[in-house]
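What follows is each chain in one-letter form.
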Amino acid sequence: MRQNVNDFTGNGLDKVYDVLARAVDSGRIPGVVALVGRGDQTHVAALGTMRHEGGAPMSRDTIFRMASTSKPVTMAAGMILLDECRLRLDDPVDPWLPELADRQVLRRIDSPLDDTVPARRPITVRDVLTSTFGLGMDITSLGAPIMGAIFERGLTPDGPTPMPEPDEWMRRLGELPLMAQPGERWQYHISNDLLGVLVARVTGQSFESFLRERLFEPLGMRDTGFDVPADKIDRLPPLYAPDAATGEFHIWDEAEGGRHSKPPAFQGGGGGLVSTVDDFNAYFRMLLNGGVHQGERILSRPAVELMTTNRLTPEQNAARNAMATQNVHLSFGQGQHGGWGLGMAVRTYRGDYAPVGQFGWDGGSGTTAHADPANQLTGFLLTQVGMTVPDSTRLIHDFWTTVYQSLDA
């Protein structure tokens, strides 16, 4: 990454490199791979080691658990089906997801599970795509009966046991009342996993096979998927979840024998992908190109515009902002971007160095992936340190701060 180019300031990329090196030298981030791209220019830095105790170095093709940065990518499957008129935004999902028909809705988000009223209308495709279908990970409501029920049923990817196969997952989801009326409240995460089930049932393919056929292969994303083959497993570092009190490194997921060492029962669109910086750059560069990759159209321009502009009302966005600003001890400020498109944040105000219009998302495994139409910029920073501590988030902040300083107008 240390070079002078006409699309960045003379010492701009040195600043980016220096904050990465400082984080690795501190011992808090064992290794990192970063990519910044602008126009035809792409610059990559790989620093540190795969493991906390040393060992193999990070490399450009190191494979990372993308966590919630999966969301912007897997959303494309739904957009392809919209482009082909196999789904319509305001169609009820009942024909494909009968488990979600005739919903009951909690009177209050903290009500007992049997204190409900009927849903005012069916859940629609639009509700699923915009994360407003009525259930999600609401960290402002931790301790409420509905949140306990979500965790107890294994409906999220962060529990001690893997999520069940899709039909069983849907059965368990269908046992729960909604937290809010369909279309009323933005709720994080579960809708993105639900999208994968919807795509599979509409197409008659597994979610991954559809993504691979329609997205990964056309974009050349050869290292992206829901598991890592045996001949690539040495390129996957362990995922660490350091102790929040002491900072001591604990392995949350090992590579060999871990969650991604074999195909999962549930292909989670909300956070299940593994990938590399180059694969993700291909996807986000396609979005910046209005849905076209090397002359081949992947998504329509209107689909990309729908994904990358704010879809929430001010009332809905207030709930999203609350998740970021009122739970800093959990999120370390992650998510204070303004609006939400489809599967990703969209900046609607100038809250930091990034301009209005930047889109993308961050992941709890210590990842960030964003694109900026105004500057034709892509940026990705991938680590193996989860957000049980703020170290990877602080590095993400410093990465973007220096990336934006490095731009030559």
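Up top is the structure.
Only a predicted model underlies this, so the values are computations on that prediction, with no experimental measurement involved. (Residues numbered from 1 in each chain as written. Predicted model: local features only at pLDDT ≥ 70, side-chain atom pairs only at ≥ 80, totals over all residues. Heavy atoms only, no water.)

Trainee: Sorry, what's going on with the packing of helix α1 (residues 12-25) against helix α12 (residues 391-405) here?
Mentor: When two helices pack together, their arrangement is captured by the angle between the axes and the distance separating the axes. It is the contact of α1 with α12, at a shortest axis distance of 8 Å, that shows an interaxial angle of 170°. Judged on the interaxial angle alone, α12 and α1 are roughly antiparallel. In this structure, the crossing between α1 and α12 has a hand that is right-handed. Side by side, α1 and α12 meet where G12, K15, V16, V19, L20 and A23 of the first sit next to L395, D398, F399, T402, V403 and Q405 of the second. Class assignment for the residues of the contact of α1 with α12 results in seven nonpolar, three polar and two charged. (Axes fitted to C-alpha atoms, helices over the stretch in contact; angles between N-to-C directions. Helix = DSSP H or I, 4+ residues; strand = E, 2+ residues; numbered from the N terminus. Parallel < 35°, antiparallel > 145°, perpendicular 65-115°, else oblique. Left-handed = near helix turned anticlockwise from the far one by under 90°. Contact = heavy atoms within 4.5 Å. Nonpolar A, V, L, I, M, F, W, Y, C, P; charged D, E, K, R; others polar.)

Trainee: Just checking my understanding: could you explain the nonpolar core for this structure?
Mentor: Here is a general trend for soluble globular proteins: nonpolar side chains tend to be buried in one another's company. Core analysis: the largest hydrophobic core is formed by 84 residues, its most contacted members being I150, W169, L215, Y283 and L299. The dominant element in this core, judged by the number of residues it contributes, is helix α2 (residues 70-83), at eight residues. Excluding residues within four positions of it along the chain, W169 makes contact with G154, L155, M163, P164, I190, D193, L194, V197 and F266. Listed in part, the 28 residues of the second largest apolar core include V32, A34, V389 and Y404. (Core = buried A, V, L, I, M, F, W, Y, C linked by side-chain atoms within 4.5 Å. Buried < 20%, exposed > 50% of the residue type's maximum accessible area, 1.4 Å probe, protein only.)

Trainee: When you look at the packing of α2 against helix α6 (residues 190-203) in this model, what are you seeing that I'm missing?
Mentor: Relative to each other, α2 and α6 sit at 35°, their axes nearing to 10 Å. Classified by chirality, the crossing of α6 by α2 is left-handed. For the pair α2 and α6, contact is made by K71, T74, M75, A77, G78 and L81 and by N192, L195, V199, V202 and T203, respectively. Of the residues contributing to the contact of α2 with α6, the split by class is six nonpolar, four polar and one charged.

Trainee: What should I look at first to understand the sheet that holds strand β2 (residues 41-51) in this one?
Mentor: Strands belonging to one sheet form pairs held by backbone hydrogen bonds; the direction of such a pair is parallel or antiparallel. Pairing is antiparallel in the open sheet, where eight strands are placed in the order β3-β2-β1-β16-β15-β14-β13-β12. Among the strands making up the open sheet, the edge pair consists of β3 (54-57) and β12 (338-340). When strand polarity is set aside, the average angle formed by the axes of neighbouring strands in this sheet is 20°. Bridging between β2 and β3 involves two bridges; their strand directions are antiparallel. In the strand pairing of β3, R51 is matched with G54. Where α1 meets the sheet, it contacts β1 (31-38), β2 and β16 (377-383), and its direction lies at approximately 10° from that of β2. (Pairing = 2+ DSSP bridges.)

Trainee: Teacher, can you tell me more about the pairing of β16 here?
Mentor: Within a regular strand, side chains alternate between the sheet's two faces. Along β16, seven of the seven residues are buried, which leaves the element largely enclosed by surrounding structure. Side chains L377, G379, L381 and T383 of β16 all project onto a buried face; the interleaved residues T378, F380 and L382 project onto the opposite face, where all are buried too. Where β1 meets β16, seven bridges bridge the pair, whose relative direction is antiparallel. Paired with V36 across the bridge in β16 is G379. Two elements, strand β15 (residues 367-372) and β16, share six bridges in a ladder whose sense is antiparallel. Paired with D372 across the bridge in β16 is L377. Connecting the antiparallel pair β15 and β16 is a turn made up of four residues, with Q376 showing a positive phi of about 50°.

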